[in-house]
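Chain and residue survey
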Amino acid sequence: MFEQEDDIVERVIRQLRRPVSIDPGVDARVMHEIASDAAPESPARRPLLRSLPWLAAAAVLAAVVVARPWTRGGNGADAFQFVLVAPQAASVSLVGDFNDWDPARSPMQTAQGVWATVVQLTPGRHRYAFLVNGVEWRADPSAPRAMDDEFETPSSVVTVGGRGS
Amino acid sequence: MSDPMGIDKVEASDAELVRRIRTGDIGAYGALVARYRDRLGRYAVHMIGDREDAEEALQDSFVRAYRSLARCDDPARFGAWLYGILVNRCRTTGARAARRRRMFVHDADALNGATRPEAVERLEWTDAVDRALARLAPEYREAFLLKHVEDLEYEEMSRLTGAGVSALKMRVKRAREQLQKFLREAEHV
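Predicted model only: the values in this text are computed from it and were never measured.

**Concerning the pairing of strand 5 (residues 114-121) of chain A**
Residues and elements named next belong to chain A. Counting buried positions along strand 5 yields six of eight residues, so the element is predominantly enclosed. Of the pairings in the sheet, the one linking strand 2 (residues 78-85) to strand 5 comprises eight bridges and is antiparallel in character. Residue phenylalanine 82 lies in a different strand from strand 5, and its bridge partner there is threonine 117. Hairpin connection from strand 4 (residues 109-111) to strand 5: two residues lie between these consecutive antiparallel strands, with glutamine 112 at a positive phi of about 55 degrees.

**Considering the environment of glycine 161 of chain A**
Structurally, the position occupied by glycine 161 of chain A is in the segment after strand 8 (156-160). Taking the C-alpha atoms as reference points, glycine 161 of chain A and proline 123 of chain A, separated by 38 residues in sequence, lie 5.4 Å from one another.

**Quick look at the environment of arginine 141 of chain B**
Relative to the elements of secondary structure, arginine 141 of chain B occurs in helix 7 (residues 138-149). Along the sequence, arginine 141 of chain B and valine 172 of chain B sit 31 residues apart, while their C-alpha atoms lie 8.1 Å from each other.

**Topic: the nonpolar core**
Counting 71 residues, the largest nonpolar core has Val12 of chain A together with Tyr29, Tyr43, Phe78 and Phe144 of chain B as its most contacted members. Broken down by element, the residue count for this core peaks at 13 residues, all from helix 2 (residues 26-48) of chain B. Per-domain counts for this core show at least three residues from each of domain 1 (10-102) and domain 2 (109-189) of chain B. Residues in contact with tyrosine 29 of chain B, not counting those within four places in the same chain, are Val30, Met31 and Ile34 of chain A together with Ile21, Phe62, Ala65, Tyr66 and Phe78 of chain B. Listed in part, the 17 residues of the second largest apolar core include Ala89, Val92, Trp115 and Val158 of chain A.

Conventions we followed
Residues numbered from 1 in each chain as written. Chains lettered and ligands numbered in written order. Predicted model: local features only at pLDDT ≥ 70, side-chain atom pairs only at ≥ 80, totals over all residues. Heavy atoms only, no water. Buried < 20%, exposed > 50% of the residue type's maximum accessible area, 1.4 Å probe, protein only. Helix = DSSP H or I, 4+ residues; strand = E, 2+ residues; numbered from the N terminus. Pairing = 2+ DSSP bridges. Core = buried A, V, L, I, M, F, W, Y, C linked by side-chain atoms within 4.5 Å. Domains from an automatic or database assignment. Contact = heavy atoms within 4.5 Å.

Below is the structure:
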């Protein structure tokens, strides 16, 4: 038997206020889509890493990597930001041949599960991976896979174009 | 500390994150998406009634907000500004496609316990609420959700929807009356 009107409506309100679980892949898909944009109010539009198309597949995961030119550095290097959406991780480090695979050199900072760090990359091919919680070596399965890894750990490849890319 | 939307501020403020985004820190936008995803997602799911369409509307709203960030005049009120984008996006979705309703299980507990009588009763109630909500006119549903579920003040609702306060009060009142009527009808089916 239903209650008085106010009781019914209050019960409806309590029901509708319950949390609704939203696919965390929304985060990844948003980050993927805006990765192709210039930063808002950014004075210059810069080319993206050539490896970005694999983000389309990565977007179905709860984690995604966004790499984009950040600022121009010396010696032909540009600074690139790497972003990993990993809400469950306690720590994440970016490791690659650009930092001698040393997790202490590029620890990622988090804001509500979004981990980010900026590294200098010179034009060319770079191998990289993410070290999650200090033990889990993670390469995105849809990223180009490094086939020449002598350590037999999964790693991905990004290719940084030159000035004209 | 809360902003005018009643959203608690933790870690970096919205204004700080917006400032970082404007200097090119795309990761800061990820933090804003994570911050507002569930609350705005709840509104979209209830307003549109279809989870896939709601998540598409939510995703599109976040992307539109990023691309329009230069027009966010008060970064401290980013949440309210984002809400306005989502409200409009939900209206577009509702006008574009016939409303499709799907019954969905709200949490793992409900799914796992659906064979228990109390769980079945809860799912029936949830479905009855979803169906009653779906029968409301979109402007009534919008006003009811913003007022009673999202807990907004009428002045804020007026800014988001473009409707006057008195009109919004009338819509909320009608929504309450109709929800009660629809749920009583459901009881006798």
